[in-house]
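# Architecture at a glance
Residue-level listing of the chains:
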Amino acid sequence: SEIALDDLPGVGPATAEKLKEAGFNTIEAVAVASPAELANTAEIGESTAAKIINAARQAADIGGFETGDIVLERRKLVGKLTTGCTEFNEMMGGGIESQAITELYGEFGSGKTQVAHQLAVNVQMDREHGGLDGSVIIIDTENTFRPERITQMVNGLSEKYGMELNPEEFLQNIHVARAYNSNHQILLVDSATDLANELREMGKPVRLLIVDSLMAHFRAEYVGRGTLADRQQKLNKHMHGLLRFGDLFNACVVVTNQVMSKPDAFFGDPTRPVGGHIVGHTATFRLYLRKSKGEKRIIRLVDSPNLPEGEAIVAVTTAGITD
Ligand code: ADP
Ligand code: MG
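Keep in mind that this is a model prediction, so the values were computed, not measured.

## Considering empty space enclosed by the protein
- Inspection of every chain in the model, using the stated rule, returns 2 cavities of 30 Å³ or more.
- If you go around the largest cavity, the residues you meet are Thr113, Ala116, His117, Ile138, Asp140, Thr144, Phe145, Ile210 and Asp212.
- Mapped onto the lining of the largest cavity, the elements with two or more residues apiece are α7 (112-122), β4 (135-140) and β6 (206-212).
- At 3 residues, the largest contribution of residues to the lining of the largest cavity is made by α7.
- Each residue belonging to the lining of the largest cavity can be placed in one class, and the counts come to 4 nonpolar, 3 polar and 2 charged.
- Every residue along the wall of the second largest cavity is listed here: Thr82, Gly84, Asn122, Met125, His129, Leu157, Lys160 and Tyr161.
- For the lining of the second largest cavity, the element with the most residues is helix α8 (residues 147-161), which contributes 3 residues.
- Looking at the lining of the second largest cavity, its residues break down into 3 nonpolar, 4 polar and 1 charged.

This is the structure in structure tokens:
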């Protein structure tokens, strides 16, 4: 945003600094915060916080109204990418949406990377087959991208649809970069934007950006309480970079996330995604993957702006993610 935080009434340099440290480093981030959240992090009163939030909303021009038909018009551009699974698609209201971040979280081996690979194949299919005619960018932080797995999944689709799909061509439309640390990971979103602009010119628009995994570097690098604010600031920047990419290219953004066990959960499953409120607020759809019997996986839609919570069962097979 063009406006600096300390241009807001009630925000001096010291408060601006505290807000930035807590990850509220843009007007937009402040505009969508809750007064309690802001009051806590910036050590100000809640009524002051509310005034700052109102000013940020006006400055960011996000408090404006538009009529439902205009919103509907924009929503019509939203693409739905097939997961390849009937239940999973139904739970998602058709498929994985573009212009949004979908988070896949779950324990090691729950199938996050497998689903990401499958989407990287599916998105290349034409719309008749649930794809978005798009190419793919993958930011790989754990070195788990496997071209051999893409080949298996393309062969799986050839079988499913009775078509002769060429795995080589699919691999040529997947652009992978290893991220060596969290700063590099953030920078790669800028590189991805440059690449996506080029690919758009070449008639190969990027319709899927994958970050696998979102938090691994951040968790490894920022250890200890004192570094948490710094981490959240970087993470906030990263998440907003990803959202912007999705909007700019009408692309699906899919991130995988690790989990931790929250011992203070009094009932239910204590497994929670890592990354705190910043990831929680920026991810549009949150999906929780769990191992079940053998190749079966349970995928639960935990958070969505417009869909009911639900569960879908899928299978991870050699041919890919299937019913
Ligand atoms: P994570 O959630 O940690 O990213 P993965 O997506 O890597 O988990 O899932 C790993 C699991 O996927 C393996 O334990 C195995 O069950 C399954 N899997 C991986 N490759 C294949 C394959 N070629 N055929 C069948 N299942 C596979
Ligand atoms: Mg993985």
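## Here's the deal with the site of ligand 1
- Surveying the vicinity of ligand 1 reveals 14 residues, the closest of which are Gly109, Lys112, Thr113, Gln114 and Gln152.
- Interatomic distance of 3.3 Å between a side-chain N/O atom of arginine 149 and a nitrogen atom of ligand 1.
- In this structure, a nitrogen atom belonging to ligand 1 sits 3.0 Å away from a side-chain N or O atom of glutamine 152.
- Coverage of ligand 1 by the protein chains reaches 65% of its 570 Å² of free accessible surface.
- Mapped by element, the contributors of at least two residues to the shell around ligand 1 are α7, α8 and β12 (310-317).
- Element by element, the count of residues in the shell around ligand 1 is highest for α7, at 3 residues.
- The residue makeup of the shell around ligand 1, split by class, is 2 nonpolar, 8 polar and 4 charged.

Rules of the game
Residues numbered from 1 in each chain as written. Chains lettered and ligands numbered in written order. Predicted model: local features only at pLDDT ≥ 70, side-chain atom pairs only at ≥ 80, totals over all residues. Heavy atoms only, no water. 1 Å grid on protein atoms, 1.4 Å probe; cavity = no way out; pocket = protein on both sides within 12 Å on 5 of 7 lines; lining within 4 Å. Points joined across faces, edges and corners; volume = space filled by probe spheres on them. Helix = DSSP H or I, 4+ residues; strand = E, 2+ residues; numbered from the N terminus. Nonpolar A, V, L, I, M, F, W, Y, C, P; charged D, E, K, R; others polar. Near = heavy atom within 4 Å. Polar contact = N/O pair within 3.5 Å; in protein donor to acceptor, adjacent residues only side chain to side chain. Areas by Shrake-Rupley, 256 points an atom, 1.4 Å probe, with all protein chains shown as cover.

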